Amino acid sequence: MSLYDDAVLVLKGYEGQDALRQAYLDHLAAHPDGMWKACHAGHVTASALVIDPERGRVLLTLHKKLRMWLQMGGHCEPGDASLAAAALREATEESGVPGLTLLPGGPVRLDRHPIPAPCHCHYDVQYAALAPAGAEHVISDESLDLRWFAYDEVADVADESVVRLLEAARTRL
């Protein structure tokens, strides 16, 4: 199965955010290249909030280009077998934490947001990744910083999209 086909199946099976989910499906139907960064009309991305439920905290990255505290994530790559695999790859690469596992049940949220030209939009499919006990992070080249934040600190450092993602992940937990 192609990554495109996987994305369509994942989105068709996603429950909630019906209008936004349909916008993702419509975008992919209109843009067969909508999984890739080269699609300037917008493209699907995959992200994962790294969460440590035992300690009530999440790992956020200070994004190098955007200079915002965000979940790990980014563009899909040709070697990604699925959206879940892309999200897990991105979370592992950007956090440096081995042994992450995705929270069962598929994506926890969708978030469409504008991005600077030449592209116009990211159609982000958001997962939650559970950190193993004693997880230690390593800052990647894509980050200015990487830091654990208690659940109640997230709203003070991150934007509403990250707060909504955390709320959805905690509900799923």
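Above this text you will find the structure in question.
The paragraphs below set out a description of the structure included in this document. This is a predicted model, so every value here is computed, not measured. (Residues numbered from 1 in each chain as written. Predicted model: local features only at pLDDT ≥ 70, side-chain atom pairs only at ≥ 80, totals over all residues. Heavy atoms only, no water.)

**Comments concerning the pattern of salt bridges**
Tallied over the full model, the rule gives seven salt bridges. A salt bridge links Asp-52 to Arg-57; the shortest N-O distance between them is 3.0 Å. Residues Asp-52 and Arg-57 agree in their burial class; the two are buried. Between Arg-89 and Glu-90 there is a salt bridge, and its shortest N-O distance comes to 3.1 Å. Using a relative accessible area of 16% as the deciding quantity, one classes Arg-89 as buried. One connected set of salt bridges, linked through shared partners, spans Glu-77, Asp-80, Arg-89, Glu-90 and Glu-93. (Salt bridge = Lys/Arg side-chain N within 4 Å of Asp/Glu carboxyl O. Buried < 20%, exposed > 50% of the residue type's maximum accessible area, 1.4 Å probe, protein only.)

**Observations regarding the environment of His-75**
Considering the arrangement of structural elements, one finds His-75 in strand β4 (residues 72-75). A residue is classified by how much of its surface remains accessible, and His-75, at 24% relative accessible area, is partly exposed. Residues His-75 and Tyr-24, spaced 51 residues apart in sequence, show a C-alpha to C-alpha distance of 15 Å. Contacts of His-75, omitting those with residues within four sequence positions, involve Lys-37, His-43, Thr-45, Arg-89, Glu-90 and His-122. At 3.3 Å, the side chain of His-75 forms a polar contact with the side chain of His-122. (Helix = DSSP H or I, 4+ residues; strand = E, 2+ residues; numbered from the N terminus. Contact = heavy atoms within 4.5 Å. Polar contact = N/O pair within 3.5 Å; in protein donor to acceptor, adjacent residues only side chain to side chain.)

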